[in-house]
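# Fold and geometry: a report
Each chain, written out:
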Amino acid sequence: MAEEVNTDLVIADTKTKMAKALEHTEEEFASVRTGRAAPALVEHLMVDYYGSPTPLMTIAGIGVSDARTLVINPYDRGSLGVIETAIRNSDLGVNPSNDGAAIRITLQPPTEERRKELIKVVRSRSEEGRVAMRAIRRSARHQFEVWQKQGSLTTDDLADLEKQLEQLTSHYIAELDKALETKERDLLEV
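Below is a short write-up of the structure. (Residues numbered from 1 in each chain as written. Predicted model: local features only at pLDDT ≥ 70, side-chain atom pairs only at ≥ 80, totals over all residues. Heavy atoms only, no water.)

## A short note on the nonpolar core
Our working rule: Here, nonpolar core refers to any group of buried Ala, Val, Leu, Ile, Met, Phe, Trp, Tyr and Cys residues whose side-chain atoms link them within 4.5 Å. The buried label goes to any residue with under 20% of its type's maximum accessible area, the exposed label to any with over 50%, and the partly exposed label to all in between, with areas taken from a 1.4 Å probe on protein chains only. The secondary structure listing takes helices from DSSP runs of H or I that are at least 4 residues long and strands from runs of E that are at least 2 residues long, numbered from the N terminus. Here, two residues are considered to be in contact whenever any of their heavy atoms come within 4.5 Å of each other.
Ranked by size, the top nonpolar core spans 19 residues in total, and within it Val42, Leu56, Ile72, Ile83, Ile87 and Ile105 carry the most contacts. Counting residues per element, the ones that place at least two in this core are α2 (56-59), β4 (69-74), α3 (80-89) and β6 (103-106). Sorting elements by how many residues they give to this core places α3 first, with 4 residues. Beyond its immediate stretch of four places on either side in the chain, Ile105 contacts Val42, Arg68, Thr69, Leu70, Ile72, Ile87, Val94 and Pro96. Met133, Leu168, Tyr172 and Ile173 belong to the second-largest nonpolar core, a separate cluster that totals 18 residues.

## Thoughts on helix α4 (residues 112-150)
Put simply, the rule is: To estimate the expected span of a helix, count its residues, drop one, and scale the result by 1.5 Å.
The terminal C-alpha atoms of α4 lie 57 Å apart, and with 39 residues this matches the ideal 57 Å at 1.5 Å per residue to within 8%. Once α4 ends, the next one or two residues include Gly151, with phi positive near 95°.

## Re the packing of aromatic side chains
The line we're drawing: Stacked, tilted and edge-to-face are the three classes assigned to paired rings of Phe, Tyr and Trp, where Trp is represented by its six-membered ring and a pair needs centres within 6.5 Å; plane angles under 30 degrees give stacked, over 60 edge-to-face, the rest tilted.
The tally for this structure, following the rule as stated, stands at 2 aromatic pairs. Between Tyr49 and Tyr50, the aromatic rings sit 4.7 Å apart at their centres with planes inclined by 70°, giving edge-to-face as the arrangement. For Tyr49, a relative accessible area of 21% gives the class partly exposed. Classification of Tyr50 as exposed rests on a relative accessible area of 67%.

## Focus on the packing of helix α1 (residues 7-30) against helix α5 (residues 155-188)
Selection criterion: With axes taken as lines fitted to C-alpha atoms, and helix axes fitted only over the stretch in contact, angles between N-to-C directions fall between 0 and 180 degrees. An angle below 35 degrees is read as roughly parallel, one above 145 as roughly antiparallel, one from 65 to 115 as roughly perpendicular, and any other as oblique. Should the near helix be turned counterclockwise from the far one by less than a right angle, the crossing is left-handed, whereas a clockwise turn marks it as right-handed. Under this grouping Gly is polar, as are all residues other than the nonpolar Ala, Val, Leu, Ile, Met, Phe, Trp, Tyr, Cys and Pro and the charged Asp, Glu, Lys and Arg.
Closest axis-to-axis distance for the α1/α5 pair is 10 Å, and the angle between their directions is 10°. By the criterion of interaxial angle, the relationship of α1 to α5 is roughly parallel. Note that α1 runs across α5; the crossing there is right-handed. Contacts from Thr7, Ile11, Thr14, Lys15, Met18, Ala19, Leu22, Thr25, Glu26, Phe29 and Ala30 in α1 reach Leu161, Gln164, Leu165, Leu168, Thr169, Tyr172, Glu175, Leu176, Ala179, Leu180 and Lys183 in α5. Residues belonging to the contact of α1 with α5 are distributed by class as follows: 13 nonpolar, 5 polar and 4 charged.

## Some remarks on the pattern of salt bridges
Pairs can form between side chains of opposite charge once their charged atoms are near each other. Worth spelling out the cut-off: What makes a salt bridge here is a side-chain nitrogen of Lys or Arg within 4 Å of a carboxyl oxygen of Asp or Glu, nothing more.
Going through the model one piece at a time under the given rule, you end up with 14 salt bridges. With its nearest N and O atoms 3.2 Å apart, the salt bridge here joins Lys178 to Glu175. Of this pair, Lys178 and Glu175 both sit in helix α5, 3 residues apart, which is roughly one turn of that helix. Residue Glu175 is classed as partly exposed on the basis of its relative accessible area, which comes to 27%. Residues joined by salt bridges that share partners form a network here, namely Glu127, Arg130, Arg134 and Asp177.

Structure below.
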């Protein structure tokens with residue numbers, strides 16, 4: 001006996017997963033430094049807060065005072081030192097200044113060579129996003145093929161569903177490409 005099939009549910013689930021993959025990739029892009037101050041650069045930085053790794057955004061307020069300066073105001077002033085250490089030890093390549101109440105990070109515009117490296121990084125993260133979306137499509141297609149082998153779907157149904165999956169994948173990859181183009185433009189801007 002063929003199992004109950006709900007192709008709409010699989011399509012909706014696929015759409016949700018692809019949207020999350022796009023969102024994740026855009027968050028990855030935000031963490032790549034362009035020379036402009038943005039809280040996303042440090043908010044996920046892990047800080048050794050009383051012996052346990054904690055995201056910076058949970059123990060401090062992060063703001064932008066001007067286009068090139070981030071200001072980090074810890075909720076607990078006792079954590080200033082560990083926050084400063086975490087920033088110094090990160091791969092951001094910045095030198096934080098601690099005034100006893102807040103930490104300021106002044107970002108220098110990246111060199112031409114560094115910009116090219118950063119573009120390679122965002123292109124790599126973009127490709128990871130594409131791979132994730134294709135894997136999501138492959139998983140949905142596999143489910144449809146299983147149902148077709150069981151006799152729950154006709155060959156024509158399968159072809160229609162594969163076309164829907166392809167359109168969905170194309171849409172999200174196009175969105176990813178737009179986000180990549182925007183990030184590359186930001187990186188190339190002096």
